[in-house]
There are 2 protein chains.
Amino acid sequence: MTGAIRINHVAVVVEDVHVALGFWRDALGLVCQHIEHNESESVDIAFLPVGEGEIELIAPFTEDSGVAKYLAKKGSGLHHICLEVDDIAAVMTRILASGAEMINDAPKTRPDGTRYAFVHPKSTGGVLLELYEVAR
Amino acid sequence: MTGAIRINHVAVVVEDVHVALGFWRDALGLVCQHIEHNESESVDIAFLPVGEGEIELIAPFTEDSGVAKYLAKKGSGLHHICLEVDDIAAVMTRILASGAEMINDAPKTRPDGTRYAFVHPKSTGGVLLELYEVAR
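Positions within a chain are numbered from 1, following the residues in the order the chain's sequence is written. Going through the entries in the order they are written, you letter the chains from A and number the ligands from 1. Side-chain atom pairs in this predicted model are given and counted only at pLDDT of 80 or more, local residue features only at pLDDT of at least 70, and totals for whole chains, interfaces and linings cover all residues. Side-chain numbers come from the whole structure's heavy atoms, not from hydrogens or water.

Undergrad: What should I look at first to understand the layout of surface pockets in this one?
TA: In this approach a probe as big as a water molecule rolls over the atoms, and the regions it shows empty are the leftover space. By volume, the second largest pocket amounts to about 910 Å³. Residues belonging to the lining of the second largest pocket are distributed by class as follows: 14 nonpolar, 12 polar and nine charged. In this analysis, the protein atoms alone were mapped onto a 1 Å grid. Cavities are point sets where a 1.4 Å probe fits without being able to get out; pockets are open sets with protein on both sides within 12 Å along at least five of seven lines; lining residues have an atom within 4 Å of a point. Grid points are joined across faces, edges and corners, and a volume is the space filled by probe spheres set on the points. Gly is placed with the polar residues, together with every amino acid not listed as nonpolar (Ala, Val, Leu, Ile, Met, Phe, Trp, Tyr, Cys and Pro) or charged (Asp, Glu, Lys and Arg).

Undergrad: Before we go on, may I ask you to explain the interface of chain A and chain B in this structure?
TA: Many analyses report the size of an interface as the accessible area lost when the parts associate. Residues count as neighbours in contact if any of their non-hydrogen atoms are within 4.5 Å of one another. Contact with chain A, which involves 44 residues of that partner, is made by 44 residues of chain B. What makes a salt bridge here is a side-chain nitrogen of Lys or Arg within 4 Å of a carboxyl oxygen of Asp or Glu, nothing more. At the boundary of chain A with chain B, the tally comes to zero salt bridges. Among the elements of the structure, β1 (4-13), α1 (17-27), β4 (53-60), β5 (77-85), α3 (88-97) and β8 (129-133) of chain A are those that each provide at least two residues to the side of chain A that touches chain B. For helices the rule is a DSSP run of H or I covering at least 4 residues; for strands it is a run of E covering at least 2, with both sets numbered from the N terminus onward. Sort the elements by how many residues they give to the side of chain A that touches chain B and β1(A) lands first, with seven residues. Partitioning the side of chain A that touches chain B into residue classes produces 25 nonpolar, 14 polar and five charged.

Undergrad: What is the right way to look at the packing of aromatic side chains in this model?
TA: What characterises a pair of aromatic rings is the spacing of the ring centres plus the angle enclosed by the ring planes. Note on aromatic contacts: the rings of Phe and Tyr and the six-membered ring of Trp form a pair at centre separations within 6.5 Å, being stacked when their planes are under 30 degrees apart, edge-to-face when over 60 apart, and tilted otherwise. Per the stated rule, a full pass over the model turns up four aromatic pairs over all chains. Relative to A:Trp24, the ring of A:Phe23 lies with its centre 5.4 Å away and its plane at 85°, an arrangement referred to as edge-to-face. Exposure is judged per residue with a 1.4 Å probe applied to protein chains only, and the accessible area is read against the type maximum: over 50% gives exposed, under 20% gives buried, and values in between give partly exposed. Given the relative accessible area of 0%, A:Trp24 is considered buried. With a centroid separation of 6.4 Å and 85° between ring planes, the pair formed by B:Tyr116 and B:Phe118 is classed as edge-to-face. Summarising the burial analysis for this pair, B:Tyr116 and B:Phe118 share the class buried. Of note, A:Arg110 hangs over the ring of A:Tyr116, and the distance from its end group to the ring centre comes to 3.9 Å. For a Lys NZ or an Arg CZ to count as sitting over a ring, it must be within 6 Å of the ring centre and within 35 degrees of the ring normal.

Printed below as a string of structure tokens:
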């Protein structure tokens with residue numbers, strides 16, 4: 001069975017990336033590899049590698065993005081997890097066949113070639129779950 | 001600087017472990033290594049390894065445990081993440097020195113020798129963060 005390879009990342013929504021780094025980098029001791037100013041999603045993202053995965057700290061810089069609305073409604077905290085799979089199409093086929101619901105009917109592709117799609121939280125027990133197939 | 005080695009686990013609180021396994025094991029394709037009936041915490045825990053970490057599905061079996069109250073208040077979903085560190089005492093010293101707040105002032109020890117402690121969500125940007133130092 002085609003399965004998940006690793007926890008690619010855990011995403012945390014915060015008010016301010018630099019304030020959050022005061023804990024995650026300066027107090028806890030993680031390394032902040034880089035901070036991305038993502039115009040398409042209207043968020044800043046700090047990437048902090050941990051073993052084979054990473055923690056992502058995500059802060060909206062506008063008030064009308066999806067992440068900004070999530071933050072306003074739910075407050076800061078765990079937002080989603082991303083599992084890397086070797087064949088996202090096969091995994092999505094199996095998920096849909098089980099009756100579970102995907103947010104994206106087909107994988108989207110990032111500029112670096114990574115294909116991704118989200119599973120709806122109502123099918124996972126309340127978890128926003130992202131699937132990644134990383135370009136090799 | 002003493003840092004984190006890996007994401008040890010991501011914990012998801014659910015109503016019923018077996019219902020949740022219908023997605024995480026049967027549809028997604030993870031392997032359920034075992035299910036623990038944990039009397040001390042009044043929860044069932046399903047362990048699903050992914051790469052160097054695992055997903056834990058946690059369901060309370062009484063209504064008065066901490067997890068049961070969390071579920072009643074917040075609903076099912078992501079509950080906490082656990083980062084493994086090589087020296088929990090050193091990491092806790094640095095966290096406390098930064099002004100961040102621990103839930104446990106000193107590490108507790110599991111029967112298998114793993115030492116653990118939780119960082120308070122108000123210091124992490126809303127994330128309940130567990131630290132593990134695994135016995136070698």
